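What follows is the residue order along each chain.
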Amino acid sequence: MDRERPPIRSCPQCGSRRVGHLGGYHFFCGDCCQELQVRPSQGRIDVFDIDEEGNLTAVGSLRLSRAGRPAP
Ligand SMILES: [Zn+2]
């Protein structure tokens, strides 16, 4: 059960609104085909590539404020 509203409504990388909520702080962009993992305590979003087998490879991180939230 999610008590908080998901902090991402559009992809911070490509701006797509095809962002699915996987649960918790995990999101998936249908255009980038990348998983976004929000780390509120660290103020950033980690970005992962997903291969055919579903393995995640870290490709970088973004400032959380770019997702539409003001920086703390
Ligand atoms: Zn995207």
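Above this note sits the structure.
Attention in this report is confined to the structure presented alongside it. What you see is a predicted model, and the numbers here were worked out from it, not measured in a lab.

Quick notes on the pairing of strand β3 (residues 34-39)
Okay, so step 1: The sheet contact formed by strand β2 (residues 26-29) and β3 spans four bridges and is antiparallel. Opposite Phe 27, over in β3, you have Leu 36 as the bridge partner.
Okay, so step 2: The antiparallel hairpin formed by β2 and β3 contains four residues in its connecting segment, where Cys 33 sits at a positive phi of about 55°.
Okay, so step 3: With six bridges joining them, β3 and strand β4 (residues 44-50) adopt antiparallel strand pairing. The residue of β4 that forms the bridge with Gln 34 is Asp 49.

Regarding the sheet that holds strand β1 (residues 19-23)
Okay, so step 1: If you walk across this open sheet you meet the five strands as β1-β2-β3-β4-β5, and the pairing is antiparallel. A strand with exactly one partner marks an edge of an open sheet, and here the two such strands are β1 and β5 (56-63). The average undirected angle you get between the axes of adjacent strands in this sheet is 30°.

Re the environment of Ser 61
Okay, so step 1: Its location among the elements puts Ser 61 in strand β5.
Okay, so step 2: It is 9.1 Å that separates the C-alpha atoms of Ser 61 and Gln 37, two residues lying 24 residues apart in sequence.
Okay, so step 3: Leave out the neighbours within four places in its chain, and Ser 61 touches Arg 44, Ile 45, Asp 46 and Val 47.

Focus on the environment of Arg 39
Okay, so step 1: Looking at the secondary structure, you find Arg 39 in strand β3.
Okay, so step 2: Through-space distance from the C-alpha of Arg 39 to that of Ser 61 is 9.9 Å; in sequence the pair is 22 residues apart.

Quick notes on the nonpolar core
Okay, so step 1: Formed by Ile 8, Cys 11, Val 19, Phe 27, Cys 29, Leu 36, Val 38, Ile 45, Val 47 and Leu 64, the largest nonpolar core amounts to 10 residues.
Okay, so step 2: Every element with two or more residues in this core is listed here: β2, β3 and β4.
Okay, so step 3: Each residue touching Cys 29, except ones within four places of it in the same chain, is listed here: Cys 11, Gln 13, Cys 14, Ser 16, Arg 18, Val 19, Gln 34 and Leu 36.

Cut-offs used in this document
- Residues numbered from 1 in each chain as written.
- Predicted model: local features only at pLDDT ≥ 70, side-chain atom pairs only at ≥ 80, totals over all residues.
- Pairing = 2+ DSSP bridges.
- Helix = DSSP H or I, 4+ residues; strand = E, 2+ residues; numbered from the N terminus.
- Axes fitted to C-alpha atoms, helices over the stretch in contact; angles between N-to-C directions.
- Contact = placed C-beta atoms within 7 Å.
- Core = buried A, V, L, I, M, F, W, Y, C linked by C-beta atoms within 7 Å.
- Buried ≥ 20, exposed ≤ 12 C-beta atoms within 10 Å, placed from the backbone.

Read these as layout, nothing more, since geometry by itself doesn't imply function.
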